[in-house]
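As a plain string of letters, each chain reads:
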Amino acid sequence: MLNPDIVGRTFTGATAFAVTQESITEFCQAIGEPNFEIAPPTYSIKISLAESEALLKESGLDWTRVVHGDQRFEIHRPVIAGDQLICSSTIENARVVAGNEIVTVRSDLHNQSELVASSWSTLVVRA
Amino acid sequence: MVHIGGSRMSNFESGQEIAPQTFIINRELLVGYANASGDQNPIHQDEEFAKSVGLENVIAHGMFTMALAGRFASSIAGSAAVKELSARFVKPVVVPADADVELIVSGRVLEGGADLIKIEITATCNDVKVLGMAKAVIALP
């Protein structure tokens, strides 16, 4: 069970994720995207979900029972090689529906002071 | 897009259908996506493990299916034009060994315009909808 004290709080990653051309190319190739010049719209999940996993596990959530419920991205500009992205994760909501714990995490990715993308992941912890 | 005499004329109107595209999902692609995304959950690679947790078989990463919906959205005006993308993971995409599973993605314009359009995306596998409430906002060039 998630510690209810963390709902509404924002946790900012201590280190930046350095975006390399190799990681963009690998992601593009994995999904069959022909344009390698910028990261595809869902690339940032690579960063945000890892941050959410670390945060939620620390907060007492059983990650082995987690399934992805829904996902939303707002992309202010495409992620590119050379970006140093800092992820801030906010636990926006946590509730229990029919015995399943449902947690919504907002992840903001900044390159220095510029907000590059925001995403929302709803994670369901199966009872 | 239709270009006439050097000026641009948007041909995206509300209600307009966007031609379907078919994407292949198989075990090899799931391994590639696991490596590229960092999501190494064994339910997406290991049949024995997937069955041990009550799944019919290995299932695709929801985010892999969404990435393919993102490719569909990117095909309209390039991947840089996708400003918003959202989806609900309503049914798993089951991926048996040695099989190519077809994901059929189609779209419809919800809000047309000359600069920004909103589309609804439908993704099905074996006639079953696997994404729900899938939408994208796309900036036109």
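Before any of the text, the structure's been laid out above.
Structure report, in brief. Since the structure is predicted, the reported quantities are computational estimates derived from the model, not experimental observations. (Residues numbered from 1 in each chain as written. Chains lettered and ligands numbered in written order. Predicted model: local features only at pLDDT ≥ 70, side-chain atom pairs only at ≥ 80, totals over all residues.)

A few words on the packing of helix α1 (residues 21-31) of chain A against helix α1 (residues 27-37) of chain B. Running from N to C, α1 of chain A and α1 of chain B point in directions that differ by 155 degrees, and their axes come no closer than 9 Å. Overall, the two elements α1 of chain A and α1 of chain B adopt an arrangement that is roughly antiparallel. Crossing geometry of α1 of chain A relative to α1 of chain B is assigned as left-handed. Of the residues in α1 of chain B, those touching α1 of chain A at E26, F27, A30 and I31 of chain A are G32, Y33, A36 and S37 of chain B. Partitioned by chemical class, the residues of the contact of α1 of chain A with α1 of chain B number five nonpolar, two polar and one charged. (Axes fitted to C-alpha atoms, helices over the stretch in contact; angles between N-to-C directions. Helix = DSSP H or I, 4+ residues; strand = E, 2+ residues; numbered from the N terminus. Parallel < 35°, antiparallel > 145°, perpendicular 65-115°, else oblique. Left-handed = near helix turned anticlockwise from the far one by under 90°. Contact = placed C-beta atoms within 7 Å. Nonpolar A, V, L, I, M, F, W, Y, C, P; charged D, E, K, R; others polar.)

Here we take up the pairing of strand β6 (residues 114-125) of chain A. For a regular strand, side chains alternate in direction, first toward one face of the sheet and then toward the other. Residues and elements named next belong to chain A. Of the strand pairs in this sheet, strand β3 (residues 66-75) and β6 are connected by nine bridges, and their pairing is antiparallel. The residue of β6 that forms the bridge with H68 is L123. With 11 bridges joining them, strand β5 (residues 100-111) and β6 adopt antiparallel strand pairing. Paired with I102 across the strands is V124, a residue of β6. As consecutive antiparallel partners, β5 and β6 are separated by two residues, and within that stretch Q112 has a phi angle of approximately 55 degrees, a positive value. (Pairing = 2+ DSSP bridges.)

Turning next to the environment of S74 of chain B. Positionally, S74 of chain B belongs in helix α3 (residues 62-77). For S74 of chain B, a count of 23 C-beta atoms within 10 Å corresponds to the buried category. Between the C-alpha atom of S74 of chain B and that of L85 of chain B, which follows or precedes it by 11 residues, the distance is 10 Å. Once you skip the residues sitting within four places of it in the chain, S74 of chain B turns out to touch E33, P40 and P41 of chain A together with S79 and V82 of chain B. (Buried ≥ 20, exposed ≤ 12 C-beta atoms within 10 Å, placed from the backbone.)

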